[in-house]
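Descriptive analysis of the structure
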Amino acid sequence: MGKKSKRNRSTTKPSEPAREAPALRAPRQEEEKETKDNLRFQDPFVEEIEDEEGDDDEEWDDVNEDDANNGGAGAGYDLVQSWNPLTGERLKEGQELEMDPTAYKMHHALSADWPSLSFDIIRDDLGDHRTRFPHCLTAVMGSQADRPEQNQLTVLKLSDLARMQVETEDDILGEEYDKDKDDDDSDESDDEIDLDPVAEHYSMAHHGGVNRVRCMPQQPHIVATWSDVGKVNLFNVESILERFAASTGRTPKKQPQSQQPTAFSEIPNKPFYSYNKHRTEGYALDWSRVKPGQLVSGDCDGNIHLWTPKDQGGTGYTVSPAYQANEKLTSRSSTKGGNVMKSVEDLQWSPSEATVFASAECGGYIRVFDIRAPGRSMLNHQVHANGADVNVLSWNRLVTNLLASGSDDGVLSVWDLRKFSSPAAATTTTNHKGAASATTPSPLARFTPHKSPITSVEWHPTDESMVAVTDNVGAYIYDLSVEEDEDQAAASDHDNNATGAIPPQLLFVHSGSEQFKEVHWHPQISSCLMTTALSGYSVFIPSNL
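Residues numbered from 1 in each chain as written. Predicted model: local features only at pLDDT ≥ 70, side-chain atom pairs only at ≥ 80, totals over all residues. Heavy atoms only, no water.

1. Focus on the overall build of the protein chain
The line we're drawing: Secondary structure elements follow DSSP: runs of H or I no shorter than four residues count as helices, runs of E no shorter than two count as strands, and numbering proceeds from the N terminus. To sort residues, take the accessible area from a 1.4 Å probe on protein chains only and compare it with the maximum for the residue type: under 20% means buried, over 50% means exposed, and anything in between is partly exposed. Note on contacts: a residue pair qualifies if any of its non-hydrogen atoms lie within 4.5 Å across the two residues.
A tally of helices and strands in the protein chain yields five helices and 34 strands. Within the protein chain, the fraction of its 545 residues that count as buried is 41%. Partitioning the intrachain contacts of the protein chain with sequence separation of at least 6 by distance along the chain shows that 60% fall at a separation of at least 24.

2. Notes on helix α4 (residues 238-247)
Every buried residue of α4 is listed here: Ser239, Ile240, Glu242, Arg243, Phe244 and Ala245. On its buried side, α4 packs onto β5 (135-142), β6 (152-161) and β7 (198-205).

3. Considering a nonpolar patch on the surface
Using the following cut-off: A residue counts toward a patch only above 30% relative accessible area and without a salt bridge, and it is joined to like-charged neighbours within 9 Å or, for Val, Leu, Ile, Met, Phe, Trp and Tyr, to nonpolar neighbours within 5 Å. Residue exposure ignores everything except the shown protein chains as possible cover, and the areas themselves are Shrake-Rupley values with a 1.4 Å probe. Only one rule defines a salt bridge in this text: a Lys or Arg side-chain nitrogen within 4 Å of an Asp or Glu carboxyl oxygen.
Side chains of Trp83, Leu91 and Leu97 sit close together on the surface and give an oily, nonpolar patch of about 230 Å² of accessible area. Looking at the element boundaries, Leu97 is found in the loop between α2 (65-69) and β3 (104-110).

4. Considerations on the pattern of salt bridges
Under the counting rule described, the total for this entry stands at nine salt bridges. Put simply, Arg147 and Glu149 hold a salt bridge, and the shortest N to O gap is 3.8 Å. A relative accessible area of 52% means that Glu149 is categorised as exposed. Close ionic contact of Arg212 with Asp346 constitutes a salt bridge, the shortest N to O distance being 3.5 Å. Separated by 134 residues along the polypeptide, Arg212 in strand β8 (residues 210-215) and Asp346 in strand β18 (residues 344-349) bring together distant segments of the chain. Asp346 shares its class with Arg212; the two are buried. Salt bridges here are not isolated pairs; linked through shared partners, they connect Arg212, Arg214, Asp346 and Glu518.

5. Focus: the packing of aromatic side chains
Formally: Here is the rule: rings of Phe, Tyr and Trp (six-membered ring for Trp) pair when centre to centre is within 6.5 Å. Planes less than 30 degrees apart are stacked, more than 60 are edge-to-face, and the remainder are tilted.
Enumeration according to the criterion identifies 14 aromatic pairs in this entry. Ring plane angle 65° and centroid distance 5.8 Å describe the contact between Tyr273 and Trp307, whose orientation is recorded as edge-to-face. Pair noted here: Tyr273 is in strand β11 (residues 273-275) and Trp307 is in strand β14 (residues 304-309), with a separation of 34 residues, a long-range link. Judged by its relative accessible area of 0%, Trp307 is buried. With a centroid separation of 5.9 Å and an interplanar angle of 55°, the aromatic rings of Tyr273 and Tyr317 are classed as tilted. In this pair, Tyr273 is assigned in strand β11 and Tyr317 in strand β15 (residues 317-323), connecting sequence segments 44 residues apart. Exposure remark for Tyr317: the relative accessible area of 3% places this residue in the buried category. Taken together, the aromatic side chains of Tyr273, Tyr275, Trp307 and Tyr317 make up a single cluster linked through ring pairs.

6. Focus: the pairing of β5
Formally: When DSSP finds at least two bridges between two strands, those strands are taken to pair.
Among the eight residues that make up β5, eight are buried, leaving the element largely enclosed by the rest of the structure. Covered by surrounding structure in β5 are His135, Leu137, Ala139 and Met141 together with Cys136, Thr138, Val140 and Gly142, the residues of both alternating faces. Here strand β4 (residues 119-122) pairs with β5 via four bridges, running antiparallel. Residue Asp120 lies in a different strand from β5, and its bridge partner there is Val140. Of the strand pairs in this sheet, β5 and β6 are connected by seven bridges, and their pairing is antiparallel. Across the sheet, the residue bridging to His135 is Leu161, located in β6.

7. Notes on empty space enclosed by the protein
Definition in use: Any residue with an atom within 4 Å of a point lines the site, the site being either a cavity, points on a 1 Å grid over the protein atoms alone where a 1.4 Å probe fits but cannot get out, or a pocket, an open set with protein on both sides within 12 Å along at least 5 of 7 lines. Grid points are joined across faces, edges and corners, and a volume is the space filled by probe spheres set on the points. Classification used: nonpolar for Ala, Val, Leu, Ile, Met, Phe, Trp, Tyr, Cys and Pro, charged for Asp, Glu, Lys and Arg, polar for all others including Gly.
Under the defined criterion, the tally for this structure stands at one cavity of 30 Å³ or more. In terms of lining residues, the largest cavity is bounded by Ala468, Val469, Ala475, Tyr476, Ile477, Phe508, His510, Val519, Leu529 and Phe540. At the level of secondary structure, the elements contributing two or more residues to the lining of the largest cavity comprise β29 (466-470), β30 (475-479) and β31 (506-510). Of all the elements, β30 adds the most residues to the lining of the largest cavity, at three residues. Its residues assigned to classes, the lining of the largest cavity shows nine nonpolar, one polar and no charged.

8. Here's the deal with the sheet that holds strand β21 (residues 379-382)
As a reminder of what qualifies: Each axis is a line fitted through C-alpha atoms, and for a helix only the stretch in contact is used; angles between axes span 0 to 180 degrees, taken between their N-to-C directions.
Taking strand neighbours across the sheet as the criterion, the four strands line up as β18-β19-β20-β21 in an open arrangement whose pairing is antiparallel. Two strands lie at the open edges of the sheet, namely β18 and β21, each paired on one side alone. Neighbour-to-neighbour, the strand axes of the sheet open up by a mean angle of 15°, direction not taken into account. In this sheet, strand β20 (residues 365-370) lies alongside strand β19 (residues 356-361) in antiparallel orientation, the contact comprising six bridges. Within the sheet, the bridge partner assigned to Phe357 lies in β20 and is Phe369.

9. Some details on the environment of Asp286
Just so we agree on the cut-off: Between N or O atoms, a polar contact is any pair within 3.5 Å; within protein, one atom must be a potential hydrogen donor and the other a potential acceptor, and residues adjacent in sequence are included only when both atoms are from side chains.
Relative to the assigned elements, Asp286 resides in strand β12 (residues 284-287). Taking the C-alpha atoms as reference, Asp286 lies 6.8 Å from Ser297; in sequence the two are 11 residues apart. Within the structure, the side chain of Asp286 is placed 2.8 Å from the backbone nitrogen of Trp349, a separation counted as a polar contact.

10. A look at the side chain of Gln294
As for its position among the elements, Gln294 is in the loop between β12 and β13 (295-298). Classification of Gln294 by relative accessible area gives buried; the value is 3%. If sequence neighbours within four positions are ignored, Gln294 has contacts with Asp286, Trp287, Ser288, Trp307, Pro309, Trp349, Ala354 and Ile371.

What follows is the structure in structure tokens.
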């Protein structure tokens, strides 16, 4: 039980003078006569002060020893602690994560009927480098339903995405008056508007679960999907985008107002092109940013197929098997049940060359191809000596010699392709017998604090040094331009940081969803990211970006 303390405060009333008979009273001195130089004032209101009784003092001074031992948290209050998925323990049953609103400029979350493994953001005509609230974005995502016929490809528009409303000291006490401030000219006046976000969506039937979704950069209304039934599909969602534009009173820029059709075209219920020559399902899919309509797809059997458009409209394609999985794979590289796995996990076109792309493969390999040299890779390296699968790739669009990769052992690596084949930039590894084996390139940077596989990686569209990453428990933002101080550099190892340590380049951690799968930067809204996870989607802007 708590212990009560009581202040030493006297409760005895001041003693009153004893009463005397009028005859025994001493004669009063004659009062001084009031003059204009000697005025007397009398307060007509007498202040009465009541002394507090003992019970009031006890209520004021109660102190609970248990509360003091808990840092004064108080009985009945939950203890709030900060939590980091990279260093914190797993959440116990009943524990929940609560978002700190001061960590975000904007944060919105929504759930869907079925989870999504993949999505992509569709570019719009609202302009680039947008910073003013409220924001608006359009994305396309595919479902993972329990039956193939229940899956859908959904185009989602989110509008009126307002800034986080965080209560500050000015909100409580009132902002200090500034006579020079003109509210009408304030650039942030619209940012403070508290709006309810609006979600609009249209869905199309999609046979099979959607493993990967990618929009063509040059024509965002053309969407490619990888189905888990082994098909690659192409959809045209232009009719849906027209409906979104009409709902806001706008019309597409490609036609003047007078030439806009009075009725919308019908929303398609099937893809306009479907390819089923892959022998199994896959996840690797990417559009070329240099040559419009050029696509590459890879499956879990290690086959890479090249798509060449027959016309500029991208309605017809010539698809041919071009490459196979890594010929250097051995039985020790990546096995499952004793069989060698030669799966192609991810593909990325070069942002500057129309004929070059890279692949992430099982067994820890990264390969670089040039389609002018069919049937073989130009560069072929096992970047993970332990054979951990390379899950994802991202090619830097601003510094085109930088390639980021994420692997199954939770390692994020950044490679300089200029040194990718240089013996001076490689280290020699040993096999299980202790004999020297092939050289492994040294990464430009390597981060190892993640405890689960890397599921997504993407460079910032306008900042050459910033990259976003997801693993099973969170989304993370790294800034490679941040340098260690001398003490940290002396304590760190060759991999830039010891396993499990938090690197100084880690800028932001977003968590709270279950099993993160993908993260994408919005190409037009500054520092805005969107994630998909088993529990739903998140759209946010960190407060420190």
